[in-house]
Amino acid sequence: MKVMAQLAMVMNLDKCIGCHTCSVTCKQTWTNRSGTEYVWFNNVETRPGQGYPRTYEDQDRWRGGWIRDRRGRLRLRDGGRLAKLARIFSNPKMPALSDYYEPWTYDYDNLISAPLGEHMPVAAPRSVISGKPMKVSWSANWDDDLGGSAEILPGDPILKKISEQVRLELEQTFMFYLPRICEHCLNPSCVASCPSGAMYKRTEDGIVLVDQDKCRGWRMCVSGCPYKKVYFNHKTGKAEKCTFCYPRVEVGLPTVCSETCVGRLRYIGLVLYDLDRVTEAASVENDTDLYEAQRDILLDPHDPGVIAGARAAGISEEWIEAAQKSPVYALIHTYKVALPLHPEYRTLPMVWYVPPLSPVVDAVSRDGHDGEDLGNLFGALEALRIPIQYLAELFTAGDPEPVADVLRRLAAMRSYMRDINLGRETQPHIPESVGLTEEQMYEMYRLLALAKYEQRYVIPSVYAAEAHRLEETATDCALSYEGGPGMYDSGPFGETSGGPVPVAVETFHALQQRQTSEEPAGSAARPSRVNLLNWDGNGVPEGMFPRTHSDDGANT
């Protein structure tokens, strides 16, 4: 057994309202520069729908992820080295810009400069890439704009896998939202697809990154990723992807998408897993067994043998403690309510989801029944407006039983908590019916509904003793190239916050130190330019006031 640590995320889809705040803040942080106009490291998809890029789940077309050959070995679906060499200069199995969308802006100048006329001038859309007028026909949020209309539903790859009866009933379902980032898989096919070795998985926390110096722009990683979460920057000729906001998590802060999430639906935590069993778990014969196989390689952080193995692997006590308090491990392994996205791709994804249950209570109550009675809730699960089979195709490779088990636990939690909220005696048989104790069910409720900031994000910092200076001492930013976010000339807190930094990271550690210090942020050892708009008010930096010469020649 070789114990490794992995930062992972769980999203509670019952809480997502589709506001796209996570997408916008991620966009402004990581992809707000030239060459990444169409790139969304974080996007929120409306289900049912085709997704972004459209139909990315159709692996018969895009050939992403892994497959199991007749000998039981894993092989890249897109082919091995010889197959890649044969088409290294032309890769047809890669989404075109039209499959993402052509980014656009609006000709607002026309509203001001248009000559007087009978009709009101309009701000016509123009391509951000070519600058030419264009007709907007698709975007990263198009499924949401169309609201699950019949125009796009036939292109949903998931609907093609389920029964005709479900498709006929789909008009009675409600939409739910599916936020997506890079899965930072335990068995990433993008890393295995890269001919230049530019993509790598960090050993300390499992985050998958792209080395911009090594990347040669072959784009095999784009086609190799079944989730299509690796993008090509057409200006720099390099691949880019979600970094799990590693400059933030290194100082114990959550990712930007998690920090700004309005619904507080994201949980970040550390899990320990057995590296020696990763290939075994990804190679199980039946796709429907992949969920359990992946869950089985996640190790119990309270087990003395696991703790000893973690220490032998160089994992610090702080990280072991973080794994023991991890909300991700609790949701995946203890309460068993989180499921992986498309385990059939055999990449062992590490961004998991609590499937949506609502509005089952309202649906039952409308018929005049007790909407929170356990029997009524369990019976209603079979008639949910979101077909269980659709959720199963998303999260359990088509096996509906694990999804039904999760929904039963969520329904049981609602029924059990009603008695507590009304001050009545609890009913122990409710948690027992879903394999939980009363304590576990109450703890699960608090984690899903009431968890505070430090309970949702249990992230061990890399250098706790120097966390307040980490963002100014880092030198290995994966995006430090011409035009990248690492090329700015000022620090994350303004011109006087220190020397140039590779990544603009907002960290309360640094802010607290600067706001409580009696010295100015700039110093002789760390010179900085003076800007009154960004001056933090501490001390008088050298050069703030111009020097004058008195009559006797002395400087004043």
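Residues numbered from 1 in each chain as written. Predicted model: local features only at pLDDT ≥ 70, side-chain atom pairs only at ≥ 80, totals over all residues. Heavy atoms only, no water.

A. Up close: the overall build of the protein chain. Secondary structure summary: the protein chain contains 25 helices and 15 strands in total. The buried share among the 556 residues of the protein chain stands at 53%. Within the protein chain, residue pairs in contact and separated by at least 24 positions form 70% of the contacts whose partners lie at least 6 positions apart. (Helix = DSSP H or I, 4+ residues; strand = E, 2+ residues; numbered from the N terminus. Buried < 20%, exposed > 50% of the residue type's maximum accessible area, 1.4 Å probe, protein only. Contact = heavy atoms within 4.5 Å.)

B. Examining the pairing of strand β11 (residues 238-241) more closely. Taking every second residue as pointing to the same face, both faces of β11 are buried, with Lys238 and Glu240 on one and Ala239 and Lys241 on the other. By the bridge criterion, four bridges tie strand β10 (residues 230-233) to β11 in an arrangement that is antiparallel. The residue of β11 that forms the bridge with Phe232 is Ala239. Here β10 folds back onto β11, and the loop between the two strands holds four residues, one of which, Gly237, carries a positive phi near 75 degrees. (Pairing = 2+ DSSP bridges.)

C. Geometry of the environment of Trp352. By the secondary structure assignment, Trp352 is in strand β15 (residues 351-354). Non-local contacts of Trp352, meaning those with residues more than four positions away in its chain, are made with Met9, Val10, Met11, Tyr291, Gln294, Ile332, Ala338, Leu339 and Pro340. In terms of polar contacts, Trp352 uses its side chain to reach the backbone carbonyl oxygen of Pro349, at 2.8 Å. (Polar contact = N/O pair within 3.5 Å; in protein donor to acceptor, adjacent residues only side chain to side chain.)

D. Region of the structure containing helix α1 (residues 21-30). Within α1 the residues assigned to the buried category are Cys22, Ser23, Thr25, Cys26, Lys27 and Trp30. Here the buried face of α1 lies against β2 (43-47), α10 (246-249), α11 (256-259) and β12 (266-274).

E. Quick peek at the packing of aromatic side chains. A full pass over the atoms with the stated rule returns 17 aromatic pairs. For the ring pair Tyr38 and Tyr100, a centre distance of 5.0 Å and an interplane angle of 65 degrees mean the geometry is edge-to-face. Residue Tyr38 is found in the loop between α1 and β2, and its partner Tyr100 is found in helix α4 (residues 97-100); the two are separated by 62 residues along the sequence. With respect to class, Tyr38 is no different from Tyr100; both count as buried. Seen from their ring centres, Tyr353 and Phe395 are 5.7 Å apart, and the 35 degrees between their planes marks the pair as tilted. Highlighted residues: Tyr353 in strand β15 and Phe395 in helix α19 (residues 388-395), separated in sequence by 42 residues. Classification of Tyr353 by relative accessible area gives buried; the value is 0%. An aromatic cluster is defined as three or more aromatic residues linked by ring pairs; in this entry it consists of Tyr38, Phe41, Tyr52, Tyr100, Tyr101, Trp104 and Tyr231. (Phe/Tyr/Trp six-rings, centres within 6.5 Å; stacked < 30°, edge-to-face > 60°.)

F. Highlighting the nonpolar core. By size, the foremost hydrophobic cluster in this structure holds 133 residues, and its most contacted members are Val10, Leu272, Leu331, Phe395 and Met441. In this structure, Phe395 is in contact with Leu13, Leu178, Leu339, Pro340, Leu341, His342, Pro343, Tyr353 and Pro355, ignoring residues within four places of it in sequence. (Core = buried A, V, L, I, M, F, W, Y, C linked by side-chain atoms within 4.5 Å.)

G. Region of interest: the pattern of salt bridges. The tally for this structure, following the rule as stated, stands at 22 salt bridges. For Arg61, the salt bridge identified is with Asp99, shortest N-O distance 3.7 Å. Placement of Arg61 in helix α2 (residues 59-62) and of Asp99 in helix α4 is noted, with a sequence separation of 38 residues between them. The exposure class assigned to Arg61 is partly exposed, which follows from its relative accessible area of 37%. A salt bridge links Asp69 to Arg73, with the nearest nitrogen and oxygen atoms 3.5 Å apart. Here the salt bridges do not stand alone but share partners, grouping Glu45, Arg47, Glu57, Asp156 and Arg180 into one network. (Salt bridge = Lys/Arg side-chain N within 4 Å of Asp/Glu carboxyl O.)

H. The arrangement of the sheet that holds strand β14 (residues 339-340) in detail. The sheet built from five strands is open, its strands ordered β13-β12-β1-β15-β14 with mixed pairing. The open sheet terminates on both sides in strands that have one partner only, identified here as β13 (298-299) and β14. Note: strand β1 (residues 3-12) against β15, four bridges, orientation parallel. Of the residues in β15, the one forming a bridge with Met11 is Tyr353. Where helix α16 (residues 327-334) meets the sheet, its contacts fall on β1, β12, β13 and β15, and the angle it forms with β12 comes to roughly 70 degrees. (Axes fitted to C-alpha atoms, helices over the stretch in contact; angles between N-to-C directions.)

I. Just the state of the cysteines, in detail. For the structure shown, the criterion picks out zero disulfides. No disulfide involves Cys16; its sulfur sits 6.6 Å from that of Cys22, the nearest cysteine. (Disulfide = S-S within 2.5 Å.)

J. Broad picture of the packing of helix α14 (residues 304-312) against helix α15 (residues 317-324). Between α14 and α15, the shortest axis-to-axis distance is 10 Å and the interhelical angle comes to 145 degrees. Crossing geometry of α14 relative to α15 is assigned as right-handed. Along its contact with α14, which presents Ile307, Ala310 and Arg311, the element α15 presents Glu317, Ile320 and Gln324. Residues belonging to the contact of α14 with α15 are distributed by class as follows: three nonpolar, one polar and two charged. (Left-handed = near helix turned anticlockwise from the far one by under 90°. Nonpolar A, V, L, I, M, F, W, Y, C, P; charged D, E, K, R; others polar.)

K. Main features of α15. Within the sequence span of α15, burial applies to Trp319, Ile320, Ala322 and Ala323. The buried residues of α15 occupy an angular sector of 160 degrees when projected down its axis, which confines them to one face. Looking at the packing, one finds that the buried side of α15 touches β1, β12 and α14. (Arc of directions from axis to C-beta.)

L. Geometry of the confidence of the model for the protein chain. Here the protein chain averages 81 in pLDDT, and 74% of its residues register 70 or above. Overall, residues 463-517 carries pLDDT values under 50, and its contacts beyond four positions in sequence, including any with other chains, amount to 111 contacts. (pLDDT = per-residue confidence, 0-100.)

M. Structural detail: the packing of helix α20 (residues 400-421) against helix α22 (residues 438-450). Packing of α20 against α22 brings their axes to within 10 Å, and their N-to-C directions diverge by 95 degrees. Taken together, the axes of α20 and α22 are roughly perpendicular relative to one another. Residues Arg409, Leu410, Ala412, Met413, Tyr416, Met417 and Ile420 of α20 lie in contact with α22, whose contacting residues are Glu438, Met441, Tyr442, Met444, Tyr445 and Leu448. For the contact of α20 with α22, the per-class residue count stands at 11 nonpolar, no polar and two charged. (Parallel < 35°, antiparallel > 145°, perpendicular 65-115°, else oblique.)

N. Here's a closer look at the side chain of Asp78. Within the secondary structure layout, Asp78 lies in the loop between β4 (74-76) and α3 (81-86). Within the structure, Asp78 has its side chain in polar contact with the side chain of Ser223 (distance 3.4 Å). If sequence neighbours within four positions are ignored, Asp78 has contacts with Arg63, Ala83, Lys84, Arg87, Lys93 and Ser223.

O. Looking closely at the environment of Val39. In this structure, Val39 sits in the loop between α1 and β2. On the basis of relative accessibility, which here comes to 2%, the residue Val39 falls in the buried class. Residues Val39 and Tyr100, spaced 61 residues apart in sequence, show a C-alpha to C-alpha distance of 8.4 Å. When near neighbours in sequence (up to four residues on either side) are disregarded, Val39 contacts Lys27, Thr31, Tyr52 and Tyr231.

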